[in-house]
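The lines below spell out each chain.
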Number of protein chains: 2
Amino acid sequence: MSFRLLATCPATAARAGVLDTPHGPVPTPAFMPVGTQATVKSQDPRELRALGAACLLANAYHLALRPGAETVRRLGGLHRFMGWDGALLTDSGGFQVWSLAPLREVTPEGVHFRSHLDGAPLFFSPESVVALQEALGADVVMPLDVCLDYPTTEAAAAEALALTQRWAERSAAARRRADQMLFGIVQGGMYPHLRRQAAHALAALDLPGYALGGLSVGEPKATTRAMLQAALPALPTERPRYLMGVGAPEDLLMAVGEGVDLFDCTLPTRMARAGGLLTRHGRINLRNARFRAAASPPDPECGCAVCARYSAATLHWLFQEEHALGGRLATYHNLAFLCGLLRDAHAAIQAGSFEAFRAAFLATWVSADPAVGREQRARWRATQERRRTQIKRT
Amino acid sequence: MSFRLLATCPATAARAGVLDTPHGPVPTPAFMPVGTQATVKSQDPRELRALGAACLLANAYHLALRPGAETVRRLGGLHRFMGWDGALLTDSGGFQVWSLAPLREVTPEGVHFRSHLDGAPLFFSPESVVALQEALGADVVMPLDVCLDYPTTEAAAAEALALTQRWAERSAAARRRADQMLFGIVQGGMYPHLRRQAAHALAALDLPGYALGGLSVGEPKATTRAMLQAALPALPTERPRYLMGVGAPEDLLMAVGEGVDLFDCTLPTRMARAGGLLTRHGRINLRNARFRAAASPPDPECGCAVCARYSAATLHWLFQEEHALGGRLATYHNLAFLCGLLRDAHAAIQAGSFEAFRAAFLATWVSADPAVGREQRARWRATQERRRTQIKRT
């Protein structure tokens, strides 16, 4: 397991590299599709391979709740459970405890919380979360961290950071498996000096990679960028950097330019299920009546297996009639779009033309109207709520 | 377009053949997956090709309501709309008008009914249904027929039959496209002499194929068989015979033995979405707790792409968590199972060993407990009802 830098951009901080894992190489920059509950919704992992994904993400919090890490381990580990033989990363659950679990209480030892599924009292410590992820068996694992509301005070951010750092040290000490890479997570709220301090402290642990957490939580994009600029120079160049939860194309290319290598986000998959499709001209909504009789491909500039074989009218119809195939095909396209975007970025960095590549993309790309984003999030939340109610009933 | 008989079974009436269509050959006996609304739910047509389907079925009634046959035609026809380049059959809608539409009134001219979606008044005549299916562009099309309640009186069956026969003649006269095969539909309730009479009368029209409708509607299996034995000898051997709406493995093998070539049924797909999986030992329910920790394949005797890569525990988990991938994978398996069963039957007939093949299958096969069937139908109806309510709301 190692990270190899293949090329750096002469004009920006962008890097092209390869993260070698026991389940194959991950060329970077790379986008990692999210399969929170061990499934990238509606997709067969063979398709994810076909569209160019090299590493998937799953979530230790969700899998600990159900079906349980020990169940997954007995079934041969998470790769086998998912039917995916490529690289895998599991998130620690720090973010999920913060965002989903009711009645959480952070103590120096760990975090007490209740399951968002059935209210059962649970406890995560840095050590238990490492053990959990060792049972699951992903190639890259994350330490338990303390997440923050946004905005938050400097004092609260500093306090959370101190605990996150101690937990990272305890996590590193708790590791038993040599075939997993434990990354550190740089926190620090929106305070550049805290971000820098966090990066320095984590770098001292000489971990195989570093993540940037607690970003893209509602702050202005300039702030996100400033946090990257504060933290990244303090991290060793020969280790991969992973920006958690970022997936909008313009944000990916910004962060690649700052020197980030890995990304994950539910944006492309969640958006797809609501009918949202990424194109080089921005997002389109397949439910829109203008696609009712459109014989052209959903994205005429895309060569993916969906755009090559279906008309926009067919996808419109599938969404109109609530057929599962609609979300499935749109998900495929969106993941192919983002994985392809970063694959192209990798090639451009190697060719020394990343700046021109990024400029060409941004010349036609239209960022989402914030109102559209809000609407899609609301639609998603309603779905989640229905789902949660169903779960509670069973 | 033609039907070629390759071999007949020395011991039964089973036949192996090939139905040549403008969209490729369909080796028979064959099972045709059902995509009522132009989509075999959750499946990409590429997968249907991979699992061995050669011909799919869609429904003229549903497509006439939405998105409209003319819309499909303008988009390049049904093959293109579905993203499927294999053979296609459309059912006429006679059965759907009878089973779904409220306020239907059958007249000699055709049938007046209301859309089950929005109550709009509609009229189907034999001619309009031929035109509808010519706009859709399937390779095999069906004439409008008069369906019957079960049980029904002989007088009612005879009356419906007379109308069905006249409508078949009008349908044949209305045809404009030479690249479509119009089949006749043998009706006649559960009255052998009516079935025989219907078959004779339709055979006189010299149609490219013949279907058997109005069976598997609740009658005893011995009655179904008796109806086949009444009708099939009256049909020309050199034309394909299609038993509509039959899909239980034991029924398929019975009917193949009587000389039926084509089948369709929603059973494997509908069952799959409820967690039901076909195996050589009968149906299993993947939601059953005994699969919670089962590392073995869903069907250990199956070599399909799903059983080769997933554990029963993973499918159990996907159903447990209501992930769409569960129904998708189970659907793939069930269709692979039935298409494979009839592909094997084709090979056995060619090898002269159909009887032994059938006996070997039936030796391990356990027919569904009628209670299980009822439960699965109830589950399906509840889903349909929810769906219908959703549709009405939009």
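Residues numbered from 1 in each chain as written. Chains lettered and ligands numbered in written order. Predicted model: local features only at pLDDT ≥ 70, side-chain atom pairs only at ≥ 80, totals over all residues.

Let us look at the overall build of chain A. Counting secondary structure elements, chain A contains 15 helices and 17 strands. For chain A, whose C-alpha radius of gyration is 20 Å, the value lies close to the compact-globule estimate of 21 Å for 394 residues. Taking the principal axes of its C-alpha atoms as reference, chain A extends roughly 60 × 55 × 40 Å. Counting the 394 residues in chain A, one finds 53% classified as buried. Restricting the contact set of chain A to residue pairs at least 6 apart, pairs at least 24 apart contribute 67%. (Helix = DSSP H or I, 4+ residues; strand = E, 2+ residues; numbered from the N terminus. Rg over C-alpha atoms; globule rule 2.2 N^0.38 Å. Buried ≥ 20, exposed ≤ 12 C-beta atoms within 10 Å, placed from the backbone. Contact = placed C-beta atoms within 7 Å.)

A word on the pairing of strand 16 (residues 276–279) of chain A. Residues and elements named next belong to chain A. Here strand 16 pairs with strand 17 (residues 282–285) via 4 bridges, running antiparallel. Pairing of T279 across the sheet is with G282, part of strand 17. Hairpin connection of strand 16 to strand 17: 2 residues between the antiparallel strands. (Pairing = 2+ DSSP bridges.)

Turning next to the relation of the copies chain A and chain B. You can overlay chain A on chain B at an RMSD of 0.0 Å; the transform is a turn of 180° with a shift of 0.0 Å along its axis. Put plainly, the chains are arranged around a two-fold axis. Relative to the rotation axis, the closest C-alpha in chain A is found at A324 of chain A, a distance of 3.7 Å. A share of 100% of the interface residues of chain A reappears at the interface of chain B, consistent with the copies meeting face to face through the same patch. (Least-squares fit on C-alpha atoms with pLDDT ≥ 70 in both.)

This brings us to the packing of helix 10 (residues 249–258) of chain A against helix 13 (residues 324–350) of chain A. All names here are of chain A. Helix 13 packs onto helix 10 with a crossing angle of 25° between their chain directions and a minimal axis gap of 11 Å. The orientation of helix 10 relative to helix 13 falls into the category roughly parallel. The hand of the helix 10/helix 13 crossing is right-handed. Contacts from P249, L252, L253 and V256 of helix 10 reach helix 13 at L341, L342 and A345. Taken together, the residues of the contact of helix 10 with helix 13 sort by class into 7 nonpolar, no polar and no charged. (Axes fitted to C-alpha atoms, helices over the stretch in contact; angles between N-to-C directions. Parallel < 35°, antiparallel > 145°, perpendicular 65-115°, else oblique. Left-handed = near helix turned anticlockwise from the far one by under 90°. Nonpolar A, V, L, I, M, F, W, Y, C, P; charged D, E, K, R; others polar.)

Moving on, we come to helix 6 (residues 126–136) of chain B. Of all 11 residues that make up helix 6 of chain B, 8 are buried, and the element is covered over most of its length. With its phi angle positive at about 90°, G137 of chain B sits one or two positions after the end of helix 6 of chain B.

Right, let's talk about the interface of chain A and chain B for a bit. Each side of the interface is counted separately: chain A has 27 residues, and chain B has 27 residues. Looking at the side of chain A that touches chain B, the elements with two or more residues in it are helix 3 (69–74), helix 12 (312–320) and helix 13 of chain A. Considering every element that reaches the side of chain A that touches chain B, the biggest residue donor is helix 12 of chain A, with 4 residues. By residue class, the composition of the side of chain A that touches chain B is 11 nonpolar, 10 polar and 6 charged.

Before going further, it helps to examine the sheet that holds strand 7 (residues 105–106) of chain A. All names here are of chain A. A sheet is described by the order of its strands in space; here 3 strands give the open sequence 7-8-9, paired in antiparallel fashion. A strand with exactly one partner marks an edge of an open sheet, and here the two such strands are strand 7 and strand 9 (121–124). Of the strand pairs in this sheet, strand 7 and strand 8 (residues 111–114) are connected by 2 bridges, and their pairing is antiparallel. Residue pairing across strands places E105 opposite H112, the latter belonging to strand 8.

Let's shift gears to unusual backbone geometry. Look at the link from T28 of chain A to P29 of chain A: it is a cis peptide, with omega at 0°. You can see P29 of chain A is positioned in the loop between strand 3 (24–28) and strand 4 (30–32). At the junction of R66 of chain B and P67 of chain B, the peptide bond is cis and its omega measures out at 5° in the coordinates. Within the chain, E322 of chain B stands out as a residue other than glycine whose phi angle is a positive 60°. Position of E322 of chain B relative to the elements: it lies in the loop between helix 12 (312–320) and helix 13 (324–350).

Strand pairing in a sheet is mediated by backbone hydrogen bonds. Such pairs are either parallel or antiparallel. All names here are of chain A. Spatial ordering of the open sheet is given by 1-2-3, a layout of 3 strands whose pairing is antiparallel. Across the chains shown, the open sheet's two edge strands, defined by having one partner strand only, are strand 1 (2–8) and strand 3. Direction aside, the axes of adjacent strands within the sheet are offset by 15° on average. Two elements, strand 2 (residues 15–21) and strand 3, share 5 bridges in a ladder whose sense is antiparallel. Considered in strand 3, the bridge of L19 is made with V26. Here helix 13 sits on the sheet in contact with strand 1, strand 2 and strand 3, set at roughly 120° to strand 2.

The next thing to look at is the domain arrangement of chain A. All names here are of chain A. According to the domain assignment, chain A consists of domain 1 (2–264) and domain 2 (272–364). For domain 1 and domain 2, the distance between their C-alpha centres works out to 27 Å. Counting residues at the interface gives 31 residues for domain 1, matched by 27 residues for domain 2. Classifying every residue of the side of domain 1 that touches domain 2 gives 20 nonpolar, 7 polar and 4 charged. (Domains from an automatic or database assignment.)

Our focus in this paragraph is the environment of H316 of chain A. All names here are of chain A. Note that H316 resides in helix 12. The exposure class assigned to H316 is buried, which follows from the 24 C-beta atoms found within 10 Å. Considering only alpha carbons, one finds H316 and L277, 39 residues apart in sequence, at a separation of 11 Å.

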